[in-house]
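Structure assessment
One-letter residues, chain by chain:
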Amino acid sequence: MNLPGTDRRVLISGASRGLGRALARAFAANGDRVAVHYGSREDDARATLGSLTGEGHVLVGGDLSDPAGAADVAGRASEALGGLDVLVNNAAVNLPHPLADTSYEDWAALWRRHVSVNLLATANLSHLAARRMIDQGTGGRIVNIGSRGAFRGEPDHPAYGATKAAVHALGQSLAVSLAPYGIAVASVAPGFFETERVAHRLSGDEGAAIRAQSPFGRAGTADEIAAAVLWLASPVAEWASGTVLDLNGASHLRT
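Quick notes on the overall build of the protein chain
- Across its full length, the protein chain carries 8 helices and 9 strands.
- A compact globule built from 255 residues should have a C-alpha radius of gyration of about 18 Å, and the protein chain, at 17 Å, falls within 12% of that.
- Counting only C-alpha atoms and orienting by the principal axes, one finds that the protein chain spans roughly 50 × 40 × 40 Å.
- When the 255 residues of the protein chain are sorted by exposure, 49% land in the buried category.
- Taking contacts inside the protein chain between residues at least 6 apart in sequence as the whole, the part at least 24 apart equals 71%.
- When the accessible surface of the protein chain is summed, it comes to about 11500 Å², and 53% of that surface belongs to carbon and sulfur atoms.

Concerning the nonpolar core
- Grouped together as the largest cluster of nonpolar side chains are 29 residues, with contacts concentrated most on Ile 12, Phe 27, Val 34, Val 88 and Val 229.
- Broken down by secondary-structure element, the contributors of at least two residues to this core are β1 (9-12), α1 (18-29), β2 (33-38), β4 (86-89), β5 (140-145), β6 (183-190) and α8 (222-232).
- A per-element tally of this core places α1 first, with 7 residues.
- Ile 12 has contacts with Gly 20, Leu 23, Ala 24, Phe 27, Val 34, Ala 35, Val 36, His 37 and Val 88, leaving out every residue within four places of it along the chain.

Quick word on the side chain of Arg 9
- Within the fold, Arg 9 resides in strand β1.
- Engagement of the side chain of Arg 9 in a polar contact is seen with the backbone oxygen of Gly 82, the distance being 2.4 Å.
- Residues contacting Arg 9, with those up to four places away along its chain left out, are Arg 33, Leu 81, Gly 82, Gly 83, Leu 84, Asp 85, Val 86 and Gln 136.

So, how was this worked out
- Residues numbered from 1 in each chain as written.
- Predicted model: local features only at pLDDT ≥ 70, side-chain atom pairs only at ≥ 80, totals over all residues.
- Heavy atoms only, no water.
- Helix = DSSP H or I, 4+ residues; strand = E, 2+ residues; numbered from the N terminus.
- Rg over C-alpha atoms; globule rule 2.2 N^0.38 Å.
- Buried < 20%, exposed > 50% of the residue type's maximum accessible area, 1.4 Å probe, protein only.
- Contact = heavy atoms within 4.5 Å.
- Areas by Shrake-Rupley, 256 points an atom, 1.4 Å probe, with all protein chains shown as cover.
- Core = buried A, V, L, I, M, F, W, Y, C linked by side-chain atoms within 4.5 Å.
- Polar contact = N/O pair within 3.5 Å; in protein donor to acceptor, adjacent residues only side chain to side chain.

Below is the structure:
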């Protein structure tokens, strides 16, 4: 296997803003070519694309919750980049649905939504990318964005916590099955980190409580998560295949 260290062909799902944007920038700065996927935020995705260093990056829109849409996204990204070496499964939904305050109809609909985007889209994109990596014969990397919530529980977002736990398990299963092809699969489990979407939560008492979750007294950053993902996707990280890497500033410790 000969996975390159730069000029890799990278598909990042959900890359219009937040962590996805930080991931795209990290891989582009490494000298890789990035397919920036978006679901509905085309303007944000174009801003991400325009902020990337280097050349050869592409924009790919599509609905990953639909298997046909996932196949279309993977196909267009692979065609535009000339293949795929790295997949980062970042696209996700995280909508509140505390059981005591959620109707059964809304509960069922929100569970379907979380499963279709967080779990099934991740599984489908992983299959589509891995098959291309196998055919290319040069190995590859798949990195899943999981969550600390998979371990500590999410009382107001139970479907999010459950689907992220499933994503971790999926990554470990694929790590075993894809190793003979030189494809390493790993996941990261971030705690709270600051992005545009959640920046408002870091003010006032709620912000103080969030920062107090970590003994470092702060929230994480998207760039810190992206740096870990970049390493897991590198040629030297093959032996980390199967890992679920905690990135939470010691805010939740597990054995």
